[in-house]
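Coordinates in review
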Amino acid sequence: MAQVSVVGPDDGESIQLGPTRMRILEDGSTTGHRLGMGEITLAPHTDGPPQHRHARHDEGFYVVSGAARFTVGDTVYDAPAGTLVMVPPGAPHTFANPTDGVTVLLNTFTPDLYVNYFRDLRDMIADGRPLTDEATIQAMSHYATEPATDYDV
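I will try to describe carefully the structure that is included in this document. (Residues numbered from 1 in each chain as written. Predicted model: local features only at pLDDT ≥ 70, side-chain atom pairs only at ≥ 80, totals over all residues. Heavy atoms only, no water.)

Some thoughts on the pairing of strand β2 (residues 20–26)
For a regular strand, the rule is simple: side chains alternate between the two faces of the sheet. β2 sits mainly inside the fold: six of its seven residues count as buried. Relative to β2, strand β1 (residues 13–17) runs antiparallel, the two being bridged by five bridges. Across the sheet, the residue bridging to isoleucine 15 is methionine 22, located in β2. Count of turn residues in the β1/β2 antiparallel hairpin: two residues, of which glycine 18 carries a positive phi of about 65 degrees. One ladder, built from six bridges, connects β2 with strand β3 (residues 36–42); its direction is antiparallel. From the neighbouring strand, arginine 21 faces β3, where its bridge partner is threonine 41. (Buried < 20%, exposed > 50% of the residue type's maximum accessible area, 1.4 Å probe, protein only. Helix = DSSP H or I, 4+ residues; strand = E, 2+ residues; numbered from the N terminus. Pairing = 2+ DSSP bridges.)

Here's the deal with the sheet that holds strand β8 (residues 75–80)
Spatial strand order, β4-β10-β7-β8: four strands in an open sheet with antiparallel pairing. Since the sheet does not close on itself, it has two edges, and those belong to β4 (46–47) and β8, each with one partner. When β4 meets strand β10 (residues 94–97), the two strands line up antiparallel, connected through two bridges. Looking at the pairing, aspartate 47 lines up with alanine 96 of β10.

Observations regarding the nonpolar core
The biggest cluster of nonpolar side chains holds 28 residues, and the ones touching the most others in it are Phe61, Phe70, Leu105, Tyr117 and Phe118. For this core, the leading source of residues is helix α1 (residues 115–126), giving five residues. Beyond its immediate stretch of four places on either side in the chain, phenylalanine 70 contacts Phe61, Val63, Thr75, Val76, Tyr77, Ala79, Val85, Thr94, Phe95 and Leu105. (Core = buried A, V, L, I, M, F, W, Y, C linked by side-chain atoms within 4.5 Å. Contact = heavy atoms within 4.5 Å.)

Quick look at the layout of surface pockets
One number sums up the size of the largest pocket: a volume of about 400 Å³. Lining the largest pocket are 23 residues, with Thr20, Asp47, Gly48, Pro49 and Leu131 sitting closest to its centre. In terms of residue count, the dominant contributor to the lining of the largest pocket is α1 (three residues). Its residues assigned to classes, the lining of the largest pocket shows 13 nonpolar, seven polar and three charged. (1 Å grid on protein atoms, 1.4 Å probe; cavity = no way out; pocket = protein on both sides within 12 Å on 5 of 7 lines; lining within 4 Å. Points joined across faces, edges and corners; volume = space filled by probe spheres on them. Nonpolar A, V, L, I, M, F, W, Y, C, P; charged D, E, K, R; others polar.)

Some words on the pattern of salt bridges
Going through the model one piece at a time under the given rule, you end up with nine salt bridges. Here arginine 23 and glutamate 39 are joined by a salt bridge, their closest N and O atoms 3.1 Å apart. Residue arginine 23 is located in strand β2, and its partner glutamate 39 is located in strand β3; the two are separated by 16 residues in the primary sequence. Given the relative accessible area of 18%, glutamate 39 is considered buried. Arginine 69 is paired through a salt bridge with aspartate 78; the nearest N and O atoms lie 2.6 Å apart. The exposed category is assigned to aspartate 78, whose relative accessible area is 52%. Connected through shared salt-bridge partners, Glu13, Asp27, Arg119, Arg122 and Asp123 make up one network. (Salt bridge = Lys/Arg side-chain N within 4 Å of Asp/Glu carboxyl O.)

Let's talk about the packing of α1 against helix α2 (residues 133–140)
At a minimum axis distance of 9 Å, the contact between α1 and α2 shows a crossing angle of 140 degrees. When the axes of α1 and α2 are compared, the pair comes out oblique. For α1 against α2, the interelement crossing comes out right-handed. The residues of α2 that touch α1, namely those facing Tyr117, Leu121 and Met124, are Ala135, Thr136, Ala139 and Met140. Here the residues of the contact of α1 with α2 are counted per class, giving six nonpolar, one polar and no charged. (Axes fitted to C-alpha atoms, helices over the stretch in contact; angles between N-to-C directions. Parallel < 35°, antiparallel > 145°, perpendicular 65-115°, else oblique. Left-handed = near helix turned anticlockwise from the far one by under 90°.)

Regarding the environment of leucine 84
Secondary-structure assignment places leucine 84 in strand β9 (residues 84–87). On the accessibility criterion, leucine 84 (53% relative accessible area) is exposed. The spacing of leucine 84 and valine 64 is 20 residues in sequence and 9.3 Å in space, taken between C-alpha atoms. Apart from the residues lying within four places of it in its own chain, the contact partners of leucine 84 are Phe61 and Tyr62.

Here it is, written out as structure tokens:
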């Protein structure tokens, strides 16, 4: 019989990346690597990564609480709680929390390719390397992801 994964509110693998916390809820091991899922908690006035494109996976963001700002190319979307943003391969995107409150996002990856990106960032910080845009872009490159250099990043 297939195993069911149950991740409680205090469970999962928590990765602190400066003012952002990624809690890995599903790393693909239960889903045959078809789906990865995490919970992103953004402190107030926190920017996400440089605008980028994924070549081999879809990424979804559901705003659980607070509000987020998504930039897709030159278009900006303000997304209150209850908003779903689905990003197909090739679409330039980034996100931020421009508000005075905490924002929580449910983040999906299909397939789960991108989950290890967050672990790589954690290891980089643990090794004493700063979390710069350049280091982030380098980590992204291992997961079929590149910066969207045709837009201001």
